[in-house]
Amino acid sequence: MKELLNQYGGMAISSMMVIFLIALLIKLPLYQGKSLQMLTGEILKMEQQGKLTDDPREGYVQYKSVSNPTVSLTKSTIYAGTTWYYSNLFPARDAFGKPIQVTAVSRENLSGTDRVVFPRAGIYHFEVVAKDAMGRETRGSFQVPVLQMP
């Protein structure tokens, strides 16, 4: 086996290099319809513009510099018998200000996957979770005051 590898290993590497050089010379499309020369040129441009980095931790540093999502209770008055979507009742935004989805669980066992109906006036307790596209999560506990319809 070792003898076979010694005989044909060098030939395999040489063959791959020849294919690589042919692809380079005839501009054979390799990735998304782009030739090796085009891809190499794009990489060199990115490097000159400072978009490439040698530090593998840079992505992690950027991830850590982004703040967690925020979630709050709406400032609107809530009346008994009204239906509220969780996204309106507990508006949540990611670090860039874009609205994100929330999930909420009521201690009073109010049903609904994306909305809630308040059956009567009182204080309702919710555990809310907001999760952004990067997987960052914010949790909050809210007391929702519900008034009797005037």
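Residues numbered from 1 in each chain as written. Predicted model: local features only at pLDDT ≥ 70, side-chain atom pairs only at ≥ 80, totals over all residues. Heavy atoms only, no water.

*Asks:* What is the right way to read the overall build of the protein from this model?
*Replies:* When helices and strands are tallied, the protein shows 4 helices and 9 strands. Per-residue burial over the protein gives 24% buried out of 150 residues. A sequence separation of at least 24 residues applies to 51% of the contacts in the protein between residues at least 6 apart. (Helix = DSSP H or I, 4+ residues; strand = E, 2+ residues; numbered from the N terminus. Buried < 20%, exposed > 50% of the residue type's maximum accessible area, 1.4 Å probe, protein only. Contact = heavy atoms within 4.5 Å.)

*Asks:* What's the story with the nonpolar core in this structure? I'm lost.
*Replies:* Counting 21 residues, the largest nonpolar core has F90, F118, F126 and V144 as the members making the most contacts within it. If you list the elements that add at least two residues to this core, you get α4 (86–89), β6 (102–106), β8 (122–131) and β9 (137–146). Element by element, the count of residues in this core is highest for β8, at 4 residues. Among all residues touching V144, those that are not within four sequence positions of it are L73, I78, L89, F90, F118, G122, I123, Y124 and F126. (Core = buried A, V, L, I, M, F, W, Y, C linked by side-chain atoms within 4.5 Å.)

*Asks:* Just checking my understanding: could you explain the pattern of salt bridges for this structure?
*Replies:* Should their charged atoms come close, side chains of opposite charge can pair. Scanning all chains against the criterion turns up 3 salt bridges. Note that D114 is salt-bridged to R115, the shortest N-O span being 3.8 Å. (Salt bridge = Lys/Arg side-chain N within 4 Å of Asp/Glu carboxyl O.)

*Asks:* Explain the pairing of β9 here, please?
*Replies:* Side chains T138, G140, F142, V144 and V146 of β9 all project onto a buried face; the interleaved residues E137, R139, S141, Q143 and P145 project onto a face where none is buried. Pairing between β8 and β9: 10 bridges, direction antiparallel. Its bridge partner being in β9, K131 is matched across the sheet by E137. Connecting β8 to the next strand, β9, in antiparallel fashion are 5 residues, including G135 with a positive phi near 90°. (Pairing = 2+ DSSP bridges.)

*Asks:* Can you help me understand the pairing of β8 in this one?
*Replies:* The side chains of a regular strand alternate, residue by residue, between the two faces of the sheet. Note that β6 and β8 share 5 bridges and pair antiparallel. In the strand pairing of β8, S106 is matched with F126.

*Asks:* So what exactly am I meant to see when it comes to the sheet that holds β6 here?
*Replies:* Working definition: the strands of a sheet are paired by backbone hydrogen bonds and lie parallel or antiparallel to each other. Spatially, the 3 strands line up as an open sheet ordered β6-β8-β9, and their pairing is antiparallel. In this open sheet, the two edge strands, each paired with only one partner strand, are β6 and β9. Sheet twist, expressed as the average angle between the axes of neighbouring strands with direction ignored, equals 25°. (Axes fitted to C-alpha atoms, helices over the stretch in contact; angles between N-to-C directions.)

*Asks:* What's the story with a nonpolar patch on the surface in this structure? I'm lost.
*Replies:* Together, I13, M17, F20 and L21 make up a nonpolar patch on the protein surface, roughly 390 Å² of accessible area in all. Mapping M17 onto the fold places it in helix α1 (residues 2–26). With a relative accessible area of 45%, M17 lands in the partly exposed category. (Patch = residues over 30% accessible without salt bridge, like charges linked within 9 Å, V, L, I, M, F, W, Y side chains within 5 Å. Areas by Shrake-Rupley, 256 points an atom, 1.4 Å probe, with all protein chains shown as cover.)

*Asks:* For this particular structure, what's the right way to read the packing of aromatic side chains?
*Replies:* Two aromatic rings are characterised by how far apart their centres lie and by the angle between their planes. Enumeration according to the criterion identifies 6 aromatic pairs in this entry. Taking 6.2 Å as the distance between ring centres and 70° as the angle between the ring planes, the aromatic pair formed by Y86 and F126 counts as edge-to-face. One end of the pair, Y86, is in helix α4; the other, F126, is in strand β8, and 40 residues separate them in sequence. Look at F126 and you get buried, because its relative accessible area is 0%. Residues F118 and F126 carry aromatic rings whose centres are separated by 6.1 Å and whose planes lie at 85° to one another, so their mutual orientation is edge-to-face. In this structure an aromatic cluster arises from ring pairing among Y86, F90, F118, Y124, F126 and F142. (Phe/Tyr/Trp six-rings, centres within 6.5 Å; stacked < 30°, edge-to-face > 60°.)

*Asks:* When you look at the environment of V129 in this model, what are you seeing that I'm missing?
*Replies:* Along the polypeptide, V129 turns up in strand β8. Separated by 10 residues in the primary sequence, V129 and R139 have C-alpha atoms spaced 4.5 Å apart. Excluding residues within four positions of it along the chain, V129 makes contact with Q101, V102, T103, E137, T138 and R139.

Any functional reading would require information that these geometric values do not contain.
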